[in-house]
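Results of the structural survey
Residue strings, one per chain:
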Amino acid sequence: MNDLAFADFFGVERDDNPYWNESAWFSITIPERRIHGLIQHYFRPNMGMLNGGPVLWDQTGRFQWNCLHYDWAHLQAMPKGATKFDMRARNSLSVRMVEPLSQYKLDYDKDGLFFDLTWTAIGPAHQLKTGDAGQTATANFHLEQPGRMTGTLHCDGAEFAVDCLSMRDCSYGARDYESLACGGYFWGISETRAFHAITMGEGTEARSIGGFIWQDGELSSLVSGRREVLEWGEHGPARVLFEATDQRGRSLRATAEIDPGLIFTGYTDHTVVWSLMRWDWDGTELWGDNQEFCPAERFRRIARGEIAPGSPA
């Protein structure tokens, strides 16, 4: 795993582009309560800016104003001396690397949400190499890694012991969303296997542009894949089938049920329906999430009922 350890630090290729971006994200889930969330931070170092924070939701609230917690904060100044995984943001989010590519400490205490969490890798990191021009424009370096999140979380007076499977990602590069299309970013993890994929396309069928399979202790990049939406919900997929093949010739065929999810508007120029999902991969249950993204104007048309999810633009 150590050949990717540089990813835990600011990218040495950084230029003077004001949109140079350094991002990190961790998932968190309490599956028995259908609680799901994200802990994300990203730097725009050439602007002196830090964005992000924790967001937590369940099926009782799908929007910024009625989900369990929303503190994805814009316009925070980059803390003096901060590094990618050694920083404390103005909104109290603290992220610290304990061991590169292996363990990270996450803390937060604000507005009724408190957590004391540790993320530990259960598998190797995978560098996403898509060859897709649109993906390259949003991050010229990107990795995903399966792990486990443990610790304590308090939300509005309720206390939860967290012990969940979790994906993290990490990226750097000039992030320009002018070319963003429609697609899905999704994954699933069990104790012994995991996968991740990005598919592009706005219809019922979409092709994979990258991802991995981790099985029997071996991680390998996808060489092909397709996602078929079996049922649409109000704003995005509700049931999907995913089929893929990796560089080792292993095949994957899995189906998933997808919660309605959070309507995430933190990026402003595109909207993400961010959902908890439960996979069935040959009888093995995997938990993960689906991040269904599209340009903001297209999503507004979906929300107004002018077009259906999955319809041509």
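These numbers come from a predicted model, not from an experiment.

**Topic: the packing of aromatic side chains**
- Counting across every chain of the model gives 25 aromatic pairs.
- For the pair Phe26 and Tyr104, a centre-to-centre distance of 5.7 Å together with 55° between the ring planes defines the contact as tilted. Within this pair, whereas Phe26 is found in strand S1 (residues 20–30), its partner Tyr104 is found in strand S8 (residues 103–110), the two being separated by 78 residues in sequence. Across the pair, Tyr104 and Phe26 agree in class, each one buried.
- On the numbers, 5.2 Å between centres and 75° between planes, the contact of Phe264 with Tyr267 is edge-to-face.
- For Phe264, a relative accessible area of 0% corresponds to the buried category.
- Every member of this aromatic cluster is reached through a ring pair, and the members are Trp25, Tyr42, Tyr70, Trp72, Tyr185, Trp187, Phe264, Tyr267 and Trp274.
- When the ring centre of Trp119 is taken as reference, the NZ or CZ atom of Arg168 above it lies at 5.6 Å.
- Directly above the ring of Trp281 sits Arg193, whose terminal nitrogen or CZ lies 4.3 Å from the centroid.

**Examining the environment of Ser275**
- Along the polypeptide, Ser275 turns up in strand S20 (residues 270–281).
- Taking the C-alpha atoms as reference, Ser275 lies 9.4 Å from Phe186; in sequence the two are 89 residues apart.
- Apart from the residues within four sequence positions on either side, Ser275 is in contact with His36, Trp57, Ile258, Asp259, Pro260, Gly261, Gly288, Asp289 and Asn290.
- Only 3.0 Å separates the side chain of Ser275 from the backbone oxygen of Asp259, close enough to count as a polar contact.

**A look at the pattern of salt bridges**
- Under the counting rule described, the total for this entry stands at 23 salt bridges.
- Between Glu257 and Arg278 there is a salt bridge, and its shortest N-O distance comes to 3.3 Å. In this pair, Glu257 is assigned in strand S18 (residues 251–258) and Arg278 in strand S20, connecting sequence segments 21 residues apart.
- Its relative accessible area of 43% is what places Glu257 among the partly exposed residues.
- A network of salt bridges, in which partner residues are shared, links Glu205, Arg226, Glu228, Glu243 and Arg253.

**Quick word on unusual backbone geometry**
- The phi torsion at Leu75 lies on the positive side, around 60°, for a residue other than glycine.
- If you trace the backbone, Leu75 turns up in strand S5 (residues 73–77).
- Judged by relative accessible area, which is 69%, Leu75 ranks as exposed.
- Positive phi, close to 50°, is recorded for Asp111, a residue that is not glycine.
- For Asp111, the location among the structural elements is in the loop between S8 and strand S9 (113–121).

**As for the environment of Ser166**
- Looking at the element boundaries, Ser166 is found in strand S12 (residues 158–174).
- Ser166 has contacts with Ser27, Trp119, Gln145, Pro146, Gly147, Arg148, Met149, Trp187 and Ile189, leaving out every residue within four places of it along the chain.
- Among the polar contacts listed, one links the side chain of Ser166 to the side chain of Trp119, at a separation of 3.1 Å.

**Observations regarding the state of the cysteines**
- According to the stated counting rule, one finds 0 disulfides in the structure shown.
- In this structure Cys155 is a free cysteine whose sulfur lies 9.1 Å from that of Cys67, the closest cysteine sulfur available.
- Here Cys170 stays free of any disulfide, with the sulfur of Cys164 as its closest cysteine sulfur at 19 Å.

**So, the nonpolar core**
- By size, the foremost hydrophobic cluster in this structure holds 38 residues, and its most contacted members are Leu106, Phe115, Met149 and Leu153.
- At the level of elements, S1, strand S2 (35–44), strand S3 (49–57), S8, S9, strand S11 (141–155) and S12 are the ones that each hand at least two residues to this core.
- If you look at the next biggest cluster of nonpolar residues, it comprises 26 residues, including Tyr42, Trp57, Leu262 and Val272.

**Overview of the pairing of S20**
- Burial within S20 is extensive, with 10 of its 12 residues counted as buried.
- Relative to S20, S18 is paired through 5 bridges, and the arrangement is antiparallel. Looking at S20, one finds that Thr255 is bridged to Asp280.
- As paired elements, strand S19 (residues 262–264) and S20 share 3 bridges and run antiparallel to each other. If you follow Leu262 over to S20, its bridge partner there is Trp274.
- As consecutive antiparallel partners, S19 and S20 are separated by 5 residues, and within that stretch Thr268 has a phi angle of approximately 65°, a positive value.
- For S20 and strand S21 (residues 284–295), the ladder comprises 12 bridges, and the chain directions are antiparallel. Residue Trp274 lies in a different strand from S21, and its bridge partner there is Gln291.

What counts and what doesn't
Residues numbered from 1 in each chain as written. Predicted model: local features only at pLDDT ≥ 70, side-chain atom pairs only at ≥ 80, totals over all residues. Heavy atoms only, no water. Phe/Tyr/Trp six-rings, centres within 6.5 Å; stacked < 30°, edge-to-face > 60°. Helix = DSSP H or I, 4+ residues; strand = E, 2+ residues; numbered from the N terminus. Buried < 20%, exposed > 50% of the residue type's maximum accessible area, 1.4 Å probe, protein only. Lys NZ or Arg CZ within 6 Å of the ring centre and 35° of its normal. Contact = heavy atoms within 4.5 Å. Polar contact = N/O pair within 3.5 Å; in protein donor to acceptor, adjacent residues only side chain to side chain. Salt bridge = Lys/Arg side-chain N within 4 Å of Asp/Glu carboxyl O. Disulfide = S-S within 2.5 Å. Core = buried A, V, L, I, M, F, W, Y, C linked by side-chain atoms within 4.5 Å. Pairing = 2+ DSSP bridges.

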